[in-house]
Amino acid sequence: QVQLVESGGGVVQAGGSLRLSCAASGRTFSNYAMGWFRQAPGKEREFVGAISWSGSSTYYADSVNGRFTISRDNAKNTVYLQMNSLKPEDTAVYYCAALSTHYVPPRGPREYDYWGQGTQVTVSS
């Protein structure tokens, strides 16, 4: 089992920045690729980005590419989502997820085994 806890959400004005954290506990964190997803009211959960188990590769949805950055610190069992130039359409509950793989992390939420509880991000215009 892997337990994931997100933090860092909040309310920010458009153009602002937030950094989300996802702290993991349980099994060896470095064996897991990590994904970030978000879900707005009335919409399906969507892929935001992912990072490989080693941190050497990152992948992003087109909608956030160039504005969001994912990183991880395996010594601290933590993955981060730095969000810059935020837009009102980024408003959602953000989730981190874990999958034990050394391959390219998938973009489908159903592929992931473990999920955090989510943290709300609200971007005001």
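First, a word on what this report is: a plain description of the structure on this page. Here the structure is a predicted model, which is why all the values come from computation and not from measurement.

A few words on the state of the cysteines. Covalently bonding the sulfur atom of one cysteine to the sulfur atom of another cysteine gives a disulfide. Throughout the structure, instances matching the rule amount to 1 disulfide. Across the disulfide from Cys22 sits Cys96; the S-S distance is 2.0 Å. Because the sign of the S-S torsion sets the handedness, a value of about 60 degrees for the bond joining Cys22 and Cys96 places this disulfide among the right-handed ones. Taken together, the residues span a long stretch of sequence, with Cys22 in strand β3 (residues 18-26) and Cys96 in strand β9 (residues 92-100) at a distance of 74 residues.

We now examine the pattern of salt bridges. Pairing of side chains with opposite charge becomes possible as their charged atoms draw close. Tallied over the entire structure, the rule returns 3 salt bridges. We note a salt bridge from Arg38 to Glu46, for which the minimum N-O separation is 2.6 Å. On the basis of relative accessible area, Arg38 is assigned to the buried category, the value being 5%. Assessed through its relative accessible area of 35%, Glu46 is described here as partly exposed. A salt bridge links Asp90 to Arg67, with the nearest nitrogen and oxygen atoms 2.8 Å apart. Remark: Arg67 occurs in the loop between β6 (58-60) and β7 (68-73) and Asp90 occurs in the loop between β8 (78-83) and β9; sequence separation between them is 23 residues. Take Asp90 and Arg67: they sit in the same class, and that class is buried. Residues participating in the shared-partner salt-bridge network are Arg38, Glu46, Arg67 and Asp90.

The 4 strands lie next to each other as β1-β3-β8-β7, forming an open sheet whose pairing is antiparallel. The open sheet has two edge strands, β1 (2-7) and β7, and neither has a second partner. Across the sheet, the mean angle separating the axes of adjacent strands is 15 degrees when strand polarity is ignored. Alignment of β3 against β8, held across 6 bridges, turns out to be antiparallel. The partner of Leu20 across the bridge, within β8, is Leu81.

The rules behind these values
- Residues numbered from 1 in each chain as written.
- Predicted model: local features only at pLDDT ≥ 70, side-chain atom pairs only at ≥ 80, totals over all residues.
- Heavy atoms only, no water.
- Disulfide = S-S within 2.5 Å.
- Helix = DSSP H or I, 4+ residues; strand = E, 2+ residues; numbered from the N terminus.
- Salt bridge = Lys/Arg side-chain N within 4 Å of Asp/Glu carboxyl O.
- Buried < 20%, exposed > 50% of the residue type's maximum accessible area, 1.4 Å probe, protein only.
- Pairing = 2+ DSSP bridges.
- Axes fitted to C-alpha atoms, helices over the stretch in contact; angles between N-to-C directions.

So far we have only geometry, and geometry alone does not tell us how the molecule works.
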